[in-house]
Amino acid sequence: MKNFWDKSQNDDDNERLNHSGFDICQKDSPPFKLKPPLHVTNRERRKQSMKGQSITVLRPGMVLMKGYISSADQISIVKKCRELGISDGGFYQPGYSSGTKLHLKMMCLGKNWDPESSLYSELRPSDNTKPPGIPETFHDLVKKAIQDSNEYIRGNVGGSNEGKVVPNMSPDICIVNFYSKNGRLGLHQDKDESETSKKKGLPVVSFSIGDSPEFLYGETRAVDEAEKVTLESGDVLIFGRKSRLIYHGVTNIVPDTAPSSLIHATNMSPGRLNLTFRKY
Ligand code: SIN
Ligand code: MN
């Protein structure tokens, strides 16, 4: 695990990381901008009206739901994560005893996941704080995304589809990552959950909000063999069943790709918020 997360994120971020947690939103209002050109506004409207309509099975067990999370829900998620993130157990910059830091800020909900030991626990070892619980509204969205993805598979994917749907999953862990402009995460598997959870192929459900990441996934850790997809704000990615242990990572964040309406409503800093829900 350790070889893919190296050296720390930029110093500006570290300045906003204090005892009460990293603030994913800026204190000052976003700089005044002229109204976006009409084609940009129209593009955002088109994306919003596509809500829930574009679902693609990327590979067995791996489903991409484009524009699934409504603008209003994206705004609520950012506000909630901001509130939890500046409180006890909120965002911090994880690292190793060697001093090496990850290129992101992290907060766990439900249980803590420790990158150094790869273990889940009730408290965060670095400061003994207890992770906040997973908000009920997040649970509801995860449940609905899995149901809608399965409904799509049953209706649209050929052959006997019952074997292709992903099992329902009620998460007890959510890892929330914030990637600022230099954020990244090397290829890895999510394999620290229980053997039962992995054996059943209980899905990992991932929400992307804010700037777009270049997301890699593949059978092995080889970057040059991995597939690449650009995720966008409001996308949900589900990987369960045969794709439960897929290698995945983020090579980079594409600047200035977050919807301007989201930035104006939340004052979110440039970057990407990612929530991955799992069942231990
Ligand atoms: C993760 O693998 O923990 C996060 C993946 C992502 O940022 O999309
Ligand atoms: Mn992961």
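Before any of the text, the structure's been laid out above.
Throughout what follows, the structure given in this document is the object of discussion. All values derive from a computational prediction rather than experimental measurement. (Residues numbered from 1 in each chain as written. Chains lettered and ligands numbered in written order. Predicted model: local features only at pLDDT ≥ 70, side-chain atom pairs only at ≥ 80, totals over all residues. Heavy atoms only, no water.)

**What to know about the coordination of the manganese ion (ligand 2)**
Counted only if it meets this: Because water is not among the atoms used, a metal site may look incomplete, as its donors are only the N, O and S atoms within 2.8 Å, or 3.2 Å for Na, K and Ca. Counting from the N terminus, the helices are the DSSP runs of H or I reaching at least four residues and the strands are the DSSP runs of E reaching at least two. Partly exposed residues are those whose accessible area sits between 20% and 50% of the maximum for their type, while under 20% is buried and over 50% is exposed, using a 1.4 Å probe and protein chains only.
Of the protein atoms, only His188 (NE2), Asp190 (OD) and His248 (NE2) coordinate the manganese ion (ligand 2), at distances of 2.1 to 2.2 Å. Mapping the donors of the manganese ion (ligand 2) onto the primary sequence yields the spacing H-x1-D-x57-H. With a gap of 58 residues between them, Asp190 in the loop between β7 (185–188) and α5 (195–199) and His248 in strand β12 (residues 247–254) connect regions that are remote in the sequence. By relative accessible area, which is 5% here, Asp190 ends up buried. For His248, a relative accessible area of 6% corresponds to the buried category.

**Quick notes on the environment of Leu187**
If you trace the backbone, Leu187 turns up in strand β7. For Leu187, a relative accessible area of 5% translates into the label buried. Considering only alpha carbons, one finds Leu187 and Val223, 36 residues apart in sequence, at a separation of 7.3 Å.

**Considerations on the nonpolar core**
Put simply, the test is: To form a nonpolar core, buried Ala, Val, Leu, Ile, Met, Phe, Trp, Tyr and Cys residues must be joined to one another through side-chain atoms within 4.5 Å.
Residues Ile77, Phe207, Leu273, Leu275 and Phe277 are the most contacted members of the largest nonpolar core, which totals 42 residues. With 6 residues, helix α4 (residues 136–156) is the largest single contributor of residues to this core. Within the second largest apolar cluster, 24 residues are counted, among which are Ile173, Val204, Val229 and Ile246.

**Overview of the site of ligand 1**
To keep it simple, the criterion reads: For each residue, the test is whether any non-hydrogen atom lies within 4 Å of the molecule or strand; if one does, the residue is near. Residues adjacent in sequence count toward polar contacts only when both atoms are side-chain atoms; beyond that, a polar contact is any pair of N or O atoms within 3.5 Å, and within protein one must be able to donate a hydrogen and the other to accept it. The accessible surface values rely on the Shrake-Rupley method and a 1.4 Å probe; as for residues, cover is taken only from the protein chains in view. Residues are called lining when one of their atoms sits within 4 Å of a cavity or pocket point, these points coming from a 1 Å grid over the protein atoms alone, where a cavity is a set in which a 1.4 Å probe fits but cannot get out and a pocket is an open set with protein on both sides within 12 Å along at least five of seven lines. More than half of a molecule's atoms lying within 2 Å of a cavity's or pocket's grid points is what places that molecule inside it. Gly is put with the polar residues, along with every residue not named as nonpolar or charged; the nonpolar set is Ala, Val, Leu, Ile, Met, Phe, Trp, Tyr, Cys and Pro, and the charged set is Asp, Glu, Lys and Arg.
As a matter of local geometry, ligand 1 sits amid Asn177, Tyr179, Leu185, His188, Phe215, His248, Val250, Arg272, Asn274 and Arg278. His248 places a side-chain nitrogen or oxygen 2.9 Å from an oxygen atom of ligand 1. Computed on the free molecule, ligand 1 has an accessible area of 260 Å², of which 95% lies beneath the protein chains in the complex. Its atoms largely coinciding with the cavity grid, ligand 1 occupies the largest cavity. Of all the secondary structure elements, the ones that give two or more residues to the shell around ligand 1 are β6 (173–179), β7, β12 and β13 (272–278). Here the element with the most residues in the shell around ligand 1 is β13; it accounts for 3 residues. Class assignment for the residues of the shell around ligand 1 results in 4 nonpolar, 4 polar and 2 charged.

Remember that the coordinates give geometry; whether it matters functionally is a separate question.
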